[in-house]
Protein chains: 2
Amino acid sequence: MAKGLTYQDSGVDQSRKDGVVDKILHMMKRTYGPRVIDNPWGFAGLFSLNGESPIFRKTYRRPVLVGCADGVGTKLRLAHELGKHDTVGIDLVAMNVNDLLVTGAEPLFFLDYIATGKAQEGVLLDVVKGIVAGCEQSGCALLGGETAEMPGFYKDGEYDLAGFAVGVVEKGRLLDGKTVVPGDVVVGIGSSGLHSNGYSLVRKVVERSKVKLDAVVPALGCTLGEELLKPTRIYARALRDATRAHNARRCVKAMAHITGGGMVENVPRVLPAGCAVDVRTGSWPVPPIFGWVQEQGGIEEAEMRRVFNLGIGMVLLLDPYFVDVAIRRLEKAGERAYVLGKVVAGDREVRFRN
Amino acid sequence: MAKGLTYQDSGVDQSRKDGVVDKILHMMKRTYGPRVIDNPWGFAGLFSLNGESPIFRKTYRRPVLVGCADGVGTKLRLAHELGKHDTVGIDLVAMNVNDLLVTGAEPLFFLDYIATGKAQEGVLLDVVKGIVAGCEQSGCALLGGETAEMPGFYKDGEYDLAGFAVGVVEKGRLLDGKTVVPGDVVVGIGSSGLHSNGYSLVRKVVERSKVKLDAVVPALGCTLGEELLKPTRIYARALRDATRAHNARRCVKAMAHITGGGMVENVPRVLPAGCAVDVRTGSWPVPPIFGWVQEQGGIEEAEMRRVFNLGIGMVLLLDPYFVDVAIRRLEKAGERAYVLGKVVAGDREVRFRN
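As the structure is a prediction and not an experimental result, all values here were calculated from the model.

Undergrad: Is there a simple way to explain the overall build of chain A in this structure?
TA: Helix and strand counts for chain A come out as 12 helices and 14 strands. Against the compact-globule benchmark of 20 Å for 354 residues, chain A has a radius of gyration of 22 Å, which places it among compact chains. Projecting the C-alpha coordinates of chain A onto the three principal axes gives extents of approximately 80 × 60 × 35 Å. The buried share of chain A, taken over its 354 residues, is 61%. Here the analysis covers contacts within chain A between residues at least 6 apart in sequence; of these, 84% occur between residues at least 24 apart. For chain A, the exposed area adds up to about 13,800 Å²; of that, 50% sits on carbon and sulfur atoms. With 45 positive and 41 negative side-chain charges, chain A shows a spacing of 6 Å between the two charge centroids.

Undergrad: Just checking my understanding: could you explain the pairing of strand β11 (residues 275–280) of chain B for this structure?
TA: Residue and element names in this part refer to chain B. Here β11 lies mainly inside the structure; five of its six residues are buried. Sheet analysis places β11 next to strand β13 (residues 337–345), joined by five bridges and oriented antiparallel. Among the inter-strand pairings, aspartate 278 is bridged to a residue of β13, identified as lysine 342. As paired elements, β11 and strand β14 (residues 350–353) share four bridges and run parallel to each other. Within the sheet, the bridge partner assigned to arginine 280 lies in β14 and is arginine 353.

Undergrad: For this particular structure, what's the right way to read the sheet that holds strand β1 (residues 36–37) of chain A?
TA: Backbone hydrogen bonds hold the strands of a sheet together, and the pairing may be parallel or antiparallel. The mixed open sheet is built from six strands, whose spatial order is β1(A)-β2(A)-β3(B)-β6(B)-β4(B)-β5(B). With partners counted over all chains shown, the strands left at the sheet margins are β1 of chain A together with β5 (141–149) of chain B, one partner each. Across nine bridges, the pairing between strand β3 (residues 63–71) of chain B and strand β6 (residues 159–170) of chain B is antiparallel. Bridging from a neighbouring strand, Leu65(B) pairs with Val168(B) of β6(B).

Undergrad: Looking at this structure, I do not really get the interface of chain B and chain A. What am I missing?
TA: In many reports, interface size means the accessible area that the parts give up when they come together. With 86 residues of chain B in contact, the opposing surface of chain A contributes 87 residues. In this structure, the connection of chain B to chain A is made through zero salt bridges. Joining chain B to chain A, the criterion identifies 15 residue pairs in polar contact (both at pLDDT 80 or more). Among the elements that make up the side of chain B that touches chain A, the one with the highest residue count is β3(B) (nine residues). In terms of residue class, the side of chain B that touches chain A is built from 42 nonpolar, 23 polar and 21 charged. Across four bridges, the pairing between strand β2 (residues 45–48) of chain A and β3(B) is antiparallel. Following the sheet pairing, Phe47(A) is matched in β3(B) by Leu65(B).

What counts as what
In this numbering scheme, every chain counts its residues from 1 along its sequence in written order. Chains and ligands are labelled by the order in which they are written, letters from A for the one and numbers from 1 for the other. Only residues with pLDDT of 70 or above have their local features reported here, since the model is predicted, and side-chain atom pairs are shown and tallied only from 80 upward, although totals for entire chains, interfaces and linings are computed over all residues. Think of the side-chain values as coming from all heavy atoms in the structure, minus any hydrogens and water. Comment: elements are numbered from the N terminus, with helices defined as DSSP H or I runs of at least four residues and strands as E runs of at least two. Only C-alpha atoms enter the radius of gyration; for comparison, a globular chain is expected to reach 2.2 Å times N to the power 0.38, where N is the number of residues. Think of it in three bands: with a 1.4 Å probe and only protein chains considered, a residue is buried below 20% of the maximum accessible area for its type, exposed above 50%, and partly exposed in between. Contacts are assigned to residue pairs that have any heavy atoms within 4.5 Å of one another. Note on areas: Shrake-Rupley with a 1.4 Å probe; residue coverage comes only from the protein chains shown. Counting rule for charge: Lys and Arg are taken as positive, Asp and Glu as negative, and neither His nor the chain ends is counted. The atom standing in for a charge is NZ when the residue is Lys, CZ when it is Arg, CG when it is Asp and CD when it is Glu. A pair of strands is treated as paired once DSSP finds two or more bridges between them. One side-chain nitrogen of Lys or Arg within 4 Å of one carboxyl oxygen of Asp or Glu is enough to make a salt bridge. N or O atoms within 3.5 Å of each other form a polar contact, as long as, within protein, one can give a hydrogen and the other can take it, and as long as residues adjacent in sequence are counted only when both atoms are side-chain atoms. Residue polarity is assigned by list, with Asp, Glu, Lys and Arg as charged and Ala, Val, Leu, Ile, Met, Phe, Trp, Tyr, Cys and Pro as nonpolar; anything else, Gly included, falls into the polar class.

Structure representation (structure tokens):
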């Protein structure tokens, strides 16, 4: 008679997984503030809104919850090829938290989903290390997550990541772009490079270039692999400082997170009817990686603008009155900020001018 | 000179994707109640807590947000093999919402992450159809999500799903099991079958059995494939009816969602120190699929109990006084409910008795 089957025979080893879970819980606690209600072996994470506190009641009379979900995409393949897994977690948090920030929300908590064929403890802990770092940069709690072992679903050593962020914003302070008018100023905050978009194309370009990931590319000042894995910037702290620290509550009228689709597709999402944006090329420095990708791939300028952030990770639309103070505060918070152009009459598009 | 690359060459066709997104947004709106703030092309979903309403203020003085993340696991492989994709979305919502319910929370909203190699419109819309159905069953809004095309990452036609649910519970009504005492009664709510756990093992068993997925198995009363794809039951409405409709606010002291690990591992998660649970075997009907899996796989009883729900999808621990009314209300809401045993003195374990 054939030997009976156990769950372990099918590739899922629950007891081994439990050891890793303890280590992950320990790392998660670094992100816990006083609003997290400890529930380590519970079925769900608990986050107190502190609704009874006078500060909360004053700030949030009509609280709106903001939720978003996103992944890292094929940038993960590069982490796999380079065997470096401690930064893609920052990308994961960044893609979600930056999306959340454009509504005007304060990030509260984050949850992750890590799916893999067979969990390798070292890789898994590195991924979580990045997620924890991203949560610390965003000021949000890593409230929970799921690590799914799906034998036969993912290639050996590969994994996919999905993340989910929740924030809160007072209804009257939601940034919906409705007050944007011609004459408003377009300010861009610098990206760290490619962030987490366009990697399917980037990987094709790398293949075509025949440049090895561990080769130093002089124009980049580092190896190609190091450049491609640079983590996405998280703008939580800088935007909080720039928009909250003075009395002008409405100094920022709209924000756009520049992800796949570039400025061309992301800025119009927050433009009201009758408005367009004029952007002066050359008004900000385009990081060298974009020139390298364009040249090696023979990619047209228009396509570059439709796919990549080209050095601007976040776009703010502001009343001219607040531009100087906003830029000063963003720079004080460690970001580079540039006046890119202005809002003009038009049909919800971005126009590049020399 | 070689032709320049575009994003489309790399396998990602943004314009085709946008057409599908419109259809998905249309489906999502079926789940929108008055608390969802419409933001279709925005960066994040918006859900108003209606903090200013007298009802909210009366119910939630100290609101605690509850968040969870989960996937469907290798049950997805069966959907792929059977070419049936409109029910795994229900499983996805169920795995998250049932986790959320055990804290005592009211589900508010859901977000999904769908990752695939190349999005096939029909498959994608079927998956979303299931997610929408699950959200409707749970009374939560499908607030947003991400569809990631990751060429070369997933096999053709395959996809992975992750979901995230957020709910709210008044702090003083959090179900944390602290009030559970020996003498309390263990009530189980029937599952629809395997739900979404143990599928790596189930697939091994199916392989070993040589039974085809489209073969009718007399003991099951349907084809093997139909049985294995039965969607996970969502207990949101029934539990709301059973726990809210009468004055006894604290009739349920703790709940455990029976997922991977079975009753053996999930019930102890909500037991306080000094308590164990005695469960009488035979006090509930075990659906025939479990007998089939056990027999075909030659799996030991203890292993079955550690992996599968064996017919009980949710366990409630109640004061004896409330058992009859709770069961009556669960049955009125369309669930099957059984007295499985009782809480006894012991060390946070489940003991099966004949």
